[in-house]
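Residue-level listing of the chains:
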Amino acid sequence: MSTSPRTPADPTSSHRAVENLIARYAELVDDGDFAGLGILLADATFTGSGDPVSGREAIEKMFRDTLIVYADGTPRTQHVVTNVAIEVDEQAGTAVSRSYVTVLQALPDLPLQPVAGGRYHDRFERRDGRWRFVERRVRINLVGDVSRHLRRAAAPR
């Protein structure tokens, strides 16, 4: 019996694919790869501290306008994502997830420290056999010194 590549035979593979998207987001932010974030979230609506943003170019611009990037091309951060809970509906080709995020930052003149903490609420869909973000909602409720991270500091929600 063969299975179509469009529908995973093992539901674990869907969980892993969604988990990999969540991890990829953190890597792209920490690498300062805002074009990559635009591609990753091209089919999604991103809601953070401002108005919701949709589409590849708008999402890339939002990150460029929001995050401070240093000489090495990165924001000098590390996004640590934990408590990841993923629920997949294989029949519908949809998934939701909830997770915690802690943002660490260090600079030559700034010791390593947490600068923000909050939660991600995400929705995904499987289209053409591939999982993708359709929504990322970021709720930051713990804010430290973000003066060296954000161009404009956001108030906690």
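Up top is the structure these notes are about.
Not measured: the values here are computed from a predicted model.

Caption draft 1: Spatial organisation of the layout of surface pockets. What the second largest pocket holds in volume is close to 240 Å³. Lining the second largest pocket are 14 residues; nearest its centre among them are L21, L40, R130, W131 and R132. Looking at the lining of the second largest pocket, the elements that each hand over two or more residues are helix 1 (11–31), helix 2 (34–40) and strand 6 (130–143). Of the residues in the lining of the second largest pocket, the class split is 9 nonpolar, 1 polar and 4 charged.

Caption draft 2: Spotlight on helix 1. Under the 1.5 Å per step criterion, the end-to-end length of helix 1 is 30 Å for 21 residues, consistent within 8% with the ideal 30 Å. Turning to helix 1, its buried residues are S14, V18, L21, I22, Y25, A26, L28, V29 and D30.

Caption draft 3: Just the pattern of salt bridges, in detail. The final tally for this structure, using the stated rule, is 14 salt bridges. A salt bridge links R123 to E135; the shortest N-O distance between them is 2.8 Å. With R123 in strand 5 (residues 110–127) and E135 in strand 6, this pair connects stretches of sequence that are 12 residues apart. According to the relative accessible area criterion, R123 is partly exposed, its value standing at 41%. Judged by relative accessible area, which is 16%, E135 ranks as buried. Three or more residues are tied together by salt bridges with common partners; here these are D43, E125, R127 and R132.

Caption draft 4: Spotlight on the environment of Y100. Here Y100 lies in strand 4 (residues 94–107). Of the residues examined, Y100 reaches a relative accessible area of 34% and is grouped as partly exposed. Between the alpha carbons of Y100 and V53 there is a distance of 21 Å; along the sequence they are 47 residues apart. For Y100, the contacting residues outside a window of four places in its chain are V80, V81, T82, N83, G118 and R119. Of note is the side chain of Y100, whose polar atom sits 2.9 Å from the side chain of R119.

Cut-offs and rules
Residues numbered from 1 in each chain as written. Predicted model: local features only at pLDDT ≥ 70, side-chain atom pairs only at ≥ 80, totals over all residues. Heavy atoms only, no water. 1 Å grid on protein atoms, 1.4 Å probe; cavity = no way out; pocket = protein on both sides within 12 Å on 5 of 7 lines; lining within 4 Å. Points joined across faces, edges and corners; volume = space filled by probe spheres on them. Helix = DSSP H or I, 4+ residues; strand = E, 2+ residues; numbered from the N terminus. Nonpolar A, V, L, I, M, F, W, Y, C, P; charged D, E, K, R; others polar. Expected span 1.5 Å × (residues − 1). Buried < 20%, exposed > 50% of the residue type's maximum accessible area, 1.4 Å probe, protein only. Salt bridge = Lys/Arg side-chain N within 4 Å of Asp/Glu carboxyl O. Contact = heavy atoms within 4.5 Å. Polar contact = N/O pair within 3.5 Å; in protein donor to acceptor, adjacent residues only side chain to side chain.

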